[in-house]
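These are the residues of each chain, in order.
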Amino acid sequence: MNPYVLMILLSSLGLGTTLTFASSHWLLAWMGLEINTLAIVPLMAQHHHPRAVEATTKYFLTQATAAAMILFASSTNAWITGEWDMNNMSNPISSTMLMTALALKIGMAPMHFWMPEVLQGLDLLTGLILSTWQKLAPLALIIQIAPATNPLLLTTLGLLSTLVGGWGGLNQTQLRKILAYSSIAHMGWMIIILQYAPQLTLLALGTYIFMTSAAFLTLKTSSATKINTLSMVWSNNPTLATTTALALLSLGGLPPLTGFMPKWLILQELTKQDLPLTATAMALAALLSLYFYLRLCYAMTLTISPNVTNSTIPWRTLATQTSLPLSIFTTIALGLLPVTPAILMLTN
(Lines give C-alpha, C1' and ligand atoms only; values in the text may rest on other atoms or scores of the structure.)
Protein backbone atom coordinates (compact mmCIF):
# COMPACT_ATOMS: atom_id res chain seq x y z
CA MET A 1 0.00 0.00 0.00
CA ASN A 2 1.14 3.53 -0.83
CA PRO A 3 2.70 5.03 2.37
CA TYR A 4 0.76 8.31 1.91
CA VAL A 5 -2.54 6.42 1.68
CA LEU A 6 -1.53 4.33 4.70
CA MET A 7 -0.72 7.50 6.65
CA ILE A 8 -4.12 9.04 5.78
CA LEU A 9 -5.96 5.85 6.82
CA LEU A 10 -4.08 5.51 10.12
CA SER A 11 -4.63 9.23 10.85
CA SER A 12 -8.35 8.75 10.16
CA LEU A 13 -8.39 5.79 12.57
CA GLY A 14 -6.87 8.03 15.25
CA LEU A 15 -9.22 10.90 14.39
CA GLY A 16 -12.35 8.72 14.60
CA THR A 17 -11.43 7.34 18.02
CA THR A 18 -10.40 10.77 19.36
CA LEU A 19 -13.66 12.29 18.10
CA THR A 20 -15.68 9.66 19.95
CA PHE A 21 -13.58 10.10 23.10
CA ALA A 22 -14.07 13.88 23.08
CA SER A 23 -17.78 13.98 22.32
CA SER A 24 -20.67 14.38 24.72
CA HIS A 25 -23.17 14.56 21.83
CA TRP A 26 -24.49 11.32 20.32
CA LEU A 27 -24.28 12.55 16.72
CA LEU A 28 -20.58 13.44 17.10
CA ALA A 29 -19.84 10.08 18.77
CA TRP A 30 -21.63 8.26 15.94
CA MET A 31 -19.61 10.25 13.40
CA GLY A 32 -16.35 9.20 15.11
CA LEU A 33 -17.39 5.53 15.00
CA GLU A 34 -18.22 5.83 11.29
CA ILE A 35 -14.85 7.46 10.46
CA ASN A 36 -13.20 4.62 12.37
CA THR A 37 -15.05 1.93 10.41
CA LEU A 38 -14.45 3.56 7.01
CA ALA A 39 -10.72 4.02 7.76
CA ILE A 40 -10.08 0.35 8.62
CA VAL A 41 -12.04 -1.12 5.67
CA PRO A 42 -9.29 -0.40 3.05
CA LEU A 43 -6.65 -1.71 5.48
CA MET A 44 -8.59 -4.97 5.79
CA ALA A 45 -9.07 -5.43 2.05
CA GLN A 46 -5.57 -4.35 0.98
CA HIS A 47 -4.37 -7.87 0.08
CA HIS A 48 -7.11 -8.44 -2.55
CA HIS A 49 -7.51 -12.00 -1.39
CA PRO A 50 -11.07 -13.48 -1.58
CA ARG A 51 -10.98 -14.30 2.14
CA ALA A 52 -9.83 -10.77 3.04
CA VAL A 53 -12.59 -9.25 0.91
CA GLU A 54 -15.15 -11.57 2.51
CA ALA A 55 -13.94 -10.62 6.01
CA THR A 56 -14.08 -6.92 5.10
CA THR A 57 -17.65 -7.25 3.78
CA LYS A 58 -18.79 -9.08 6.94
CA TYR A 59 -17.12 -6.47 9.14
CA PHE A 60 -18.60 -3.56 7.21
CA LEU A 61 -22.15 -5.00 7.36
CA THR A 62 -22.02 -5.69 11.12
CA GLN A 63 -20.53 -2.26 11.89
CA ALA A 64 -23.10 -0.53 9.65
CA THR A 65 -25.91 -2.40 11.44
CA ALA A 66 -24.53 -1.39 14.85
CA ALA A 67 -24.09 2.24 13.70
CA ALA A 68 -27.70 2.35 12.42
CA MET A 69 -28.93 1.00 15.77
CA ILE A 70 -26.88 3.62 17.65
CA LEU A 71 -28.30 6.41 15.49
CA PHE A 72 -31.85 5.09 15.91
CA ALA A 73 -31.52 4.67 19.70
CA SER A 74 -29.89 8.07 20.24
CA SER A 75 -32.47 9.88 18.07
CA THR A 76 -35.26 8.06 19.96
CA ASN A 77 -33.72 9.24 23.23
CA ALA A 78 -33.41 12.78 21.84
CA TRP A 79 -37.05 12.70 20.72
CA ILE A 80 -38.22 11.65 24.21
CA THR A 81 -35.87 13.73 26.38
CA GLY A 82 -35.36 16.71 24.05
CA GLU A 83 -31.53 16.59 24.05
CA TRP A 84 -28.64 14.64 22.46
CA ASP A 85 -26.45 14.69 25.56
CA MET A 86 -24.89 11.33 26.54
CA ASN A 87 -25.41 11.94 30.24
CA ASN A 88 -29.17 12.15 29.84
CA MET A 89 -30.12 8.54 29.06
CA SER A 90 -33.36 8.43 31.02
CA ASN A 91 -35.23 6.23 28.53
CA PRO A 92 -34.57 2.52 29.35
CA ILE A 93 -35.42 1.28 25.83
CA SER A 94 -32.88 3.64 24.25
CA SER A 95 -30.12 2.76 26.73
CA THR A 96 -30.72 -1.00 26.25
CA MET A 97 -30.69 -0.61 22.47
CA LEU A 98 -27.48 1.46 22.62
CA MET A 99 -25.75 -1.07 24.85
CA THR A 100 -26.76 -3.91 22.49
CA ALA A 101 -25.48 -1.98 19.46
CA LEU A 102 -22.14 -1.20 21.15
CA ALA A 103 -21.82 -4.85 22.23
CA LEU A 104 -22.31 -5.82 18.57
CA LYS A 105 -19.63 -3.30 17.61
CA ILE A 106 -16.96 -4.82 19.87
CA GLY A 107 -18.10 -8.42 19.28
CA MET A 108 -19.48 -9.47 22.66
CA ALA A 109 -21.59 -12.60 23.06
CA PRO A 110 -24.31 -13.26 21.93
CA MET A 111 -23.48 -10.77 19.08
CA HIS A 112 -20.01 -12.25 18.60
CA PHE A 113 -20.47 -14.46 15.53
CA TRP A 114 -18.77 -12.07 13.09
CA MET A 115 -15.60 -11.69 15.16
CA PRO A 116 -13.74 -15.04 14.63
CA GLU A 117 -14.72 -15.14 10.93
CA VAL A 118 -13.51 -11.59 10.27
CA LEU A 119 -10.26 -11.98 12.19
CA GLN A 120 -9.51 -15.24 10.37
CA GLY A 121 -9.59 -13.45 7.00
CA LEU A 122 -7.12 -10.70 7.95
CA ASP A 123 -3.35 -10.52 8.17
CA LEU A 124 -1.90 -10.37 11.68
CA LEU A 125 -1.15 -6.63 11.87
CA THR A 126 -4.65 -5.60 10.70
CA GLY A 127 -6.03 -8.22 13.11
CA LEU A 128 -4.04 -6.54 15.88
CA ILE A 129 -5.63 -3.15 15.07
CA LEU A 130 -9.08 -4.76 15.00
CA SER A 131 -8.53 -6.52 18.36
CA THR A 132 -7.11 -3.50 20.22
CA TRP A 133 -7.58 -0.01 18.72
CA GLN A 134 -11.08 -0.68 17.33
CA LYS A 135 -12.35 -1.60 20.80
CA LEU A 136 -11.44 1.76 22.37
CA ALA A 137 -14.16 4.06 20.97
CA PRO A 138 -17.16 1.72 21.59
CA LEU A 139 -15.83 0.89 25.09
CA ALA A 140 -15.56 4.61 25.90
CA LEU A 141 -19.26 4.97 25.02
CA ILE A 142 -20.18 1.83 27.00
CA ILE A 143 -18.42 3.22 30.09
CA GLN A 144 -20.36 6.50 29.72
CA ILE A 145 -23.81 4.92 29.37
CA ALA A 146 -23.26 2.07 31.88
CA PRO A 147 -24.80 3.94 34.88
CA ALA A 148 -28.08 4.32 32.94
CA THR A 149 -28.13 0.70 31.74
CA ASN A 150 -29.95 -2.24 33.32
CA PRO A 151 -27.39 -4.03 35.58
CA LEU A 152 -28.84 -7.43 34.63
CA LEU A 153 -28.06 -6.75 30.95
CA LEU A 154 -24.42 -5.91 31.76
CA THR A 155 -24.02 -9.02 33.95
CA THR A 156 -25.60 -11.24 31.27
CA LEU A 157 -23.36 -9.82 28.53
CA GLY A 158 -20.27 -10.25 30.71
CA LEU A 159 -21.00 -13.83 31.79
CA LEU A 160 -22.06 -14.95 28.31
CA SER A 161 -18.96 -13.42 26.72
CA THR A 162 -16.53 -15.11 29.12
CA LEU A 163 -18.29 -18.48 28.70
CA VAL A 164 -18.55 -18.25 24.89
CA GLY A 165 -14.98 -16.93 24.63
CA GLY A 166 -13.69 -19.89 26.65
CA TRP A 167 -15.94 -22.52 25.08
CA GLY A 168 -15.52 -21.37 21.47
CA GLY A 169 -11.73 -21.41 21.53
CA LEU A 170 -11.42 -25.02 22.73
CA ASN A 171 -11.81 -26.75 19.36
CA GLN A 172 -9.91 -24.26 17.16
CA THR A 173 -6.71 -24.92 15.24
CA GLN A 174 -6.40 -21.46 13.65
CA LEU A 175 -4.48 -19.03 15.85
CA ARG A 176 -6.40 -15.94 14.73
CA LYS A 177 -9.72 -17.57 15.67
CA ILE A 178 -8.28 -18.53 19.07
CA LEU A 179 -7.23 -14.90 19.61
CA ALA A 180 -10.71 -13.75 18.53
CA TYR A 181 -12.36 -15.95 21.18
CA SER A 182 -9.75 -14.74 23.67
CA SER A 183 -10.81 -11.17 22.84
CA ILE A 184 -14.50 -12.03 23.39
CA ALA A 185 -13.68 -13.54 26.82
CA HIS A 186 -11.64 -10.49 27.87
CA MET A 187 -14.47 -8.15 26.84
CA GLY A 188 -16.71 -10.14 29.19
CA TRP A 189 -14.31 -9.53 32.11
CA MET A 190 -14.35 -5.79 31.36
CA ILE A 191 -18.15 -5.53 31.16
CA ILE A 192 -18.96 -7.64 34.25
CA ILE A 193 -17.16 -5.22 36.58
CA LEU A 194 -18.18 -2.01 34.81
CA GLN A 195 -21.18 -1.20 37.02
CA TYR A 196 -19.19 -1.69 40.25
CA ALA A 197 -15.66 -0.40 39.50
CA PRO A 198 -15.18 1.29 36.10
CA GLN A 199 -11.48 1.87 36.89
CA LEU A 200 -10.97 -1.92 36.89
CA THR A 201 -12.54 -2.05 33.42
CA LEU A 202 -9.89 0.41 32.23
CA LEU A 203 -7.15 -1.61 33.95
CA ALA A 204 -8.39 -4.83 32.30
CA LEU A 205 -8.52 -3.04 28.92
CA GLY A 206 -4.95 -1.75 29.29
CA THR A 207 -3.50 -5.14 30.25
CA TYR A 208 -5.53 -6.86 27.50
CA ILE A 209 -4.12 -4.48 24.85
CA PHE A 210 -0.52 -5.10 25.95
CA MET A 211 -0.90 -8.89 26.14
CA THR A 212 -2.77 -9.19 22.82
CA SER A 213 -0.24 -6.93 21.09
CA ALA A 214 2.57 -9.18 22.38
CA ALA A 215 0.74 -12.29 21.10
CA PHE A 216 -0.03 -10.86 17.63
CA LEU A 217 3.47 -9.42 17.13
CA THR A 218 5.04 -12.75 18.13
CA LEU A 219 2.90 -14.64 15.62
CA LYS A 220 3.82 -12.05 13.01
CA THR A 221 7.53 -12.48 13.75
CA SER A 222 7.32 -16.28 13.56
CA SER A 223 4.83 -16.22 10.60
CA ALA A 224 2.54 -18.68 12.40
CA THR A 225 -1.19 -18.87 11.65
CA LYS A 226 -2.02 -22.46 12.69
CA ILE A 227 -1.22 -24.55 15.78
CA ASN A 228 0.92 -27.04 13.85
CA THR A 229 3.22 -24.27 12.56
CA LEU A 230 3.92 -23.26 16.16
CA SER A 231 6.02 -26.40 16.65
CA MET A 232 8.65 -24.87 14.32
CA VAL A 233 9.15 -21.81 16.54
CA TRP A 234 11.30 -23.49 19.19
CA SER A 235 13.95 -24.75 16.74
CA ASN A 236 14.10 -21.38 14.95
CA ASN A 237 14.08 -19.06 17.97
CA PRO A 238 14.03 -20.61 21.48
CA THR A 239 13.95 -17.21 23.24
CA LEU A 240 10.91 -16.11 21.25
CA ALA A 241 9.15 -19.42 21.97
CA THR A 242 9.77 -19.02 25.72
CA THR A 243 8.48 -15.43 25.90
CA THR A 244 5.49 -16.31 23.70
CA ALA A 245 4.49 -19.19 25.96
CA LEU A 246 4.68 -16.84 28.97
CA ALA A 247 2.69 -14.13 27.14
CA LEU A 248 -0.05 -16.68 26.34
CA LEU A 249 -0.15 -17.83 29.96
CA SER A 250 -0.39 -14.15 30.94
CA LEU A 251 -3.44 -13.86 28.64
CA GLY A 252 -4.87 -16.85 30.50
CA GLY A 253 -4.38 -15.02 33.80
CA LEU A 254 -1.77 -17.13 35.58
CA PRO A 255 0.33 -15.64 38.41
CA PRO A 256 3.04 -14.26 38.60
CA LEU A 257 2.33 -12.67 35.19
CA THR A 258 0.60 -9.37 34.38
CA GLY A 259 -2.65 -11.03 33.21
CA PHE A 260 -3.34 -12.29 36.74
CA MET A 261 -3.70 -8.73 38.10
CA PRO A 262 -7.01 -7.59 36.49
CA LYS A 263 -8.65 -11.01 37.02
CA TRP A 264 -7.62 -11.08 40.68
CA LEU A 265 -8.88 -7.53 41.33
CA ILE A 266 -12.14 -8.11 39.42
CA LEU A 267 -12.91 -11.33 41.34
CA GLN A 268 -12.05 -9.55 44.62
CA GLU A 269 -14.42 -6.67 43.75
CA LEU A 270 -17.24 -9.06 42.76
CA THR A 271 -16.84 -10.86 46.10
CA LYS A 272 -16.91 -7.49 47.93
CA GLN A 273 -20.17 -6.66 46.12
CA ASP A 274 -21.68 -9.86 47.59
CA LEU A 275 -21.77 -11.71 44.24
CA PRO A 276 -20.01 -15.01 45.03
CA LEU A 277 -21.87 -17.00 42.35
CA THR A 278 -20.94 -14.53 39.60
CA ALA A 279 -17.31 -14.54 40.77
CA THR A 280 -17.24 -18.37 40.79
CA ALA A 281 -18.75 -18.54 37.29
CA MET A 282 -16.16 -16.04 35.99
CA ALA A 283 -13.28 -17.98 37.58
CA LEU A 284 -14.51 -21.25 36.05
CA ALA A 285 -14.94 -19.59 32.64
CA ALA A 286 -11.33 -18.38 32.90
CA LEU A 287 -10.26 -22.04 33.23
CA LEU A 288 -11.81 -22.78 29.83
CA SER A 289 -9.69 -20.04 28.25
CA LEU A 290 -6.62 -21.25 30.13
CA TYR A 291 -7.00 -24.70 28.54
CA PHE A 292 -6.56 -23.45 24.98
CA TYR A 293 -3.66 -21.17 25.95
CA LEU A 294 -1.97 -24.20 27.54
CA ARG A 295 -2.65 -26.12 24.33
CA LEU A 296 -0.76 -23.47 22.37
CA CYS A 297 2.10 -23.51 24.88
CA TYR A 298 2.28 -27.31 24.63
CA ALA A 299 2.43 -27.17 20.81
CA MET A 300 5.12 -24.51 20.93
CA THR A 301 7.48 -25.65 23.66
CA LEU A 302 6.89 -29.37 24.27
CA THR A 303 6.55 -30.75 20.74
CA ILE A 304 9.09 -30.85 17.94
CA SER A 305 7.99 -30.65 14.33
CA PRO A 306 8.87 -33.77 12.28
CA ASN A 307 10.19 -31.49 9.49
CA VAL A 308 13.04 -30.07 11.55
CA THR A 309 16.54 -31.28 10.70
CA ASN A 310 18.58 -32.74 13.55
CA SER A 311 21.38 -30.22 13.22
CA THR A 312 22.12 -28.17 16.32
CA ILE A 313 21.66 -24.78 14.58
CA PRO A 314 18.87 -24.78 11.96
CA TRP A 315 19.50 -22.66 8.87
CA ARG A 316 17.47 -19.48 8.74
CA THR A 317 17.56 -16.09 7.09
CA LEU A 318 18.15 -12.93 9.09
CA ALA A 319 14.97 -11.34 10.43
CA THR A 320 13.99 -8.09 8.72
CA GLN A 321 11.18 -7.15 11.12
CA THR A 322 11.62 -4.62 13.90
CA SER A 323 11.64 -6.32 17.28
CA LEU A 324 11.46 -3.27 19.58
CA PRO A 325 7.61 -3.09 19.83
CA LEU A 326 7.48 -6.84 20.42
CA SER A 327 10.06 -6.70 23.23
CA ILE A 328 8.30 -3.73 24.90
CA PHE A 329 4.84 -5.35 24.80
CA THR A 330 6.21 -8.73 25.94
CA THR A 331 8.02 -7.15 28.91
CA ILE A 332 4.81 -5.36 29.97
CA ALA A 333 2.73 -8.52 29.43
CA LEU A 334 5.03 -10.53 31.70
CA GLY A 335 6.26 -8.27 34.48
CA LEU A 336 3.64 -5.81 35.76
CA LEU A 337 2.23 -7.89 38.63
CA PRO A 338 4.66 -6.49 41.28
CA VAL A 339 3.35 -2.94 40.66
CA THR A 340 -0.23 -3.96 41.59
CA PRO A 341 -0.19 -1.92 44.88
CA ALA A 342 0.80 1.23 42.93
CA ILE A 343 -1.99 0.60 40.39
CA LEU A 344 -4.46 0.06 43.25
CA MET A 345 -3.43 3.42 44.71
CA LEU A 346 -4.09 5.07 41.32
CA THR A 347 -7.46 3.36 40.77
CA ASN A 348 -8.71 4.15 44.26
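Residues numbered from 1 in each chain as written. Predicted model: local features only at pLDDT ≥ 70, side-chain atom pairs only at ≥ 80, totals over all residues. Heavy atoms only, no water.

Each helix and strand in the chain was counted, giving 17 helices and zero strands. Taking 2.2 N^0.38 as the reference for a compact globule, 348 residues should give roughly 20 Å; the C-alpha atoms of the chain span a radius of gyration of 20 Å, in line with that estimate. Of all intrachain contacts in the chain linking residues separated by at least 6 positions in sequence, the fraction that spans at least 24 positions is 77%. Summing over all exposed atoms, the chain offers an accessible surface of approximately 15800 Å²; the carbon and sulfur share of this is 69%. Charged side chains in the chain number 12 positive and 8 negative. The centres of these two groups are separated by 18 Å. (Helix = DSSP H or I, 4+ residues; strand = E, 2+ residues; numbered from the N terminus. Rg over C-alpha atoms; globule rule 2.2 N^0.38 Å. Contact = heavy atoms within 4.5 Å. Areas by Shrake-Rupley, 256 points an atom, 1.4 Å probe, with all protein chains shown as cover. Lys, Arg positive; Asp, Glu negative; His and termini not counted. Charge placed at Lys NZ, Arg CZ, Asp CG, Glu CD.)

In this model, the chain carries a mean pLDDT of 92, and residues with pLDDT of at least 70 account for 95%. Element-level pLDDT for the chain is lowest in helix 12 (residues 233-236), with a mean of 83, against a maximum mean of 97 in helix 9 (residues 175-192). (pLDDT = per-residue confidence, 0-100.)

Moving on: a nonpolar patch on the surface. A surface patch of nonpolar side chains, about 310 Å² in accessible area, is lined by Met1, Val5, Leu6 and Leu10. Structurally, Leu10 is set in helix 1 (residues 3-22). (Patch = residues over 30% accessible without salt bridge, like charges linked within 9 Å, V, L, I, M, F, W, Y side chains within 5 Å. Salt bridge = Lys/Arg side-chain N within 4 Å of Asp/Glu carboxyl O.)

With that settled, consider the nonpolar core. If you look at the biggest cluster of nonpolar residues, it comprises 98 residues, and the most contacted ones within it are Trp26, Val118, Leu139, Ile142, Ile191, Leu230 and Ile266. Among the elements that line this core, the one with the most residues is helix 10 (residues 198-222), at 12 residues. Summarising the domain contributions, this core has at least three residues from each of domain 1 (1-132) and domain 2 (149-306 + 322-347). Sequence-distant contacts of Val118, defined by excluding residues within four places in its chain, comprise Met44, Ala55, Lys58, Tyr59 and Leu130. (Core = buried A, V, L, I, M, F, W, Y, C linked by side-chain atoms within 4.5 Å. Buried < 20%, exposed > 50% of the residue type's maximum accessible area, 1.4 Å probe, protein only. Domains from an automatic or database assignment.)

Right, let's get into the packing of helix 1 against helix 2 (residues 26-44). Packed helix pairs are characterised by how far apart their axes lie and by the angle those axes make with each other. Between helix 1 and helix 2, whose axes approach to 7 Å, the crossing angle comes to 155 degrees. The orientation of helix 1 relative to helix 2 falls into the category roughly antiparallel. Seen along the crossing, helix 1 lies across helix 2 with a hand that is left-handed. Residues Leu6, Leu9, Leu10, Ser12, Leu13, Leu15, Gly16, Thr17, Leu19 and Thr20 of helix 1 lie in contact with helix 2, whose contacting residues are Leu28, Ala29, Met31, Gly32, Leu33, Ile35, Asn36, Ala39, Ile40, Pro42 and Leu43. Of the residues that constitute the contact of helix 1 with helix 2, the class distribution is 15 nonpolar, six polar and no charged. (Axes fitted to C-alpha atoms, helices over the stretch in contact; angles between N-to-C directions. Parallel < 35°, antiparallel > 145°, perpendicular 65-115°, else oblique. Left-handed = near helix turned anticlockwise from the far one by under 90°. Nonpolar A, V, L, I, M, F, W, Y, C, P; charged D, E, K, R; others polar.)

Our next topic: the packing of aromatic side chains. Counted under the stated rule, the structure contains four aromatic pairs. Their ring planes at 55 degrees and their centres at 4.9 Å tell us that Phe292 and Tyr293 sit as a pair that is tilted. With respect to burial, Phe292 and Tyr293 carry one shared label: buried. (Phe/Tyr/Trp six-rings, centres within 6.5 Å; stacked < 30°, edge-to-face > 60°.)

What follows covers the environment of Leu71. Relative to the elements of secondary structure, Leu71 occurs in helix 3 (residues 50-81). Sequence separation between Leu71 and Ala29 is 42 residues, and the spatial gap between their C-alpha atoms is 9.8 Å. The contact partners of Leu71, leaving out residues within four places of it in the chain, are Leu27 and Trp30.

Helix length check: helix 13 (residues 238-252) (15 residues) gives 21 Å between terminal C-alpha atoms against 21 Å at 1.5 Å per residue, within 8%. Those residues of helix 13 lying buried are Leu240, Ala241, Thr244, Ala245, Ala247, Leu248, Leu249, Ser250, Leu251 and Gly252. Gly253 lies just past helix 13 and shows a positive phi near 90 degrees. (Expected span 1.5 Å × (residues − 1).)

Okay, the domain arrangement of the chain next. Domain assignment breaks the chain into domain 1 (1-132) and domain 2 (149-306 + 322-347). Computed over C-alpha atoms, the centres of domain 1 and domain 2 are 23 Å apart. On the side of domain 2, 27 residues touch domain 1, which itself brings 24 residues to the contact. For the interface between domain 1 and domain 2, the tally reads one salt bridge. Here domain 1 and domain 2 share five residue pairs in polar contact (both at pLDDT 80 or more) between them. Listing elements by their share of the side of domain 1 that touches domain 2, those giving two or more residues are helix 4 (92-106), helix 5 (114-120) and helix 6 (124-131). Class assignment of the residues belonging to the side of domain 1 that touches domain 2 gives a composition of 14 nonpolar, eight polar and two charged. (Polar contact = N/O pair within 3.5 Å; in protein donor to acceptor, adjacent residues only side chain to side chain.)

A few words on the pattern of salt bridges. Scanning the model with the defined rule gives three salt bridges in all. Put simply, Lys58 and Glu54 hold a salt bridge, and the shortest N to O gap is 2.8 Å. Of this pair, Lys58 and Glu54 both sit in helix 3, four residues apart, roughly one helical turn. Classification of Lys58 as partly exposed rests on a relative accessible area of 29%. Here Glu54 falls in the partly exposed class, since its relative accessible area comes to 41%.

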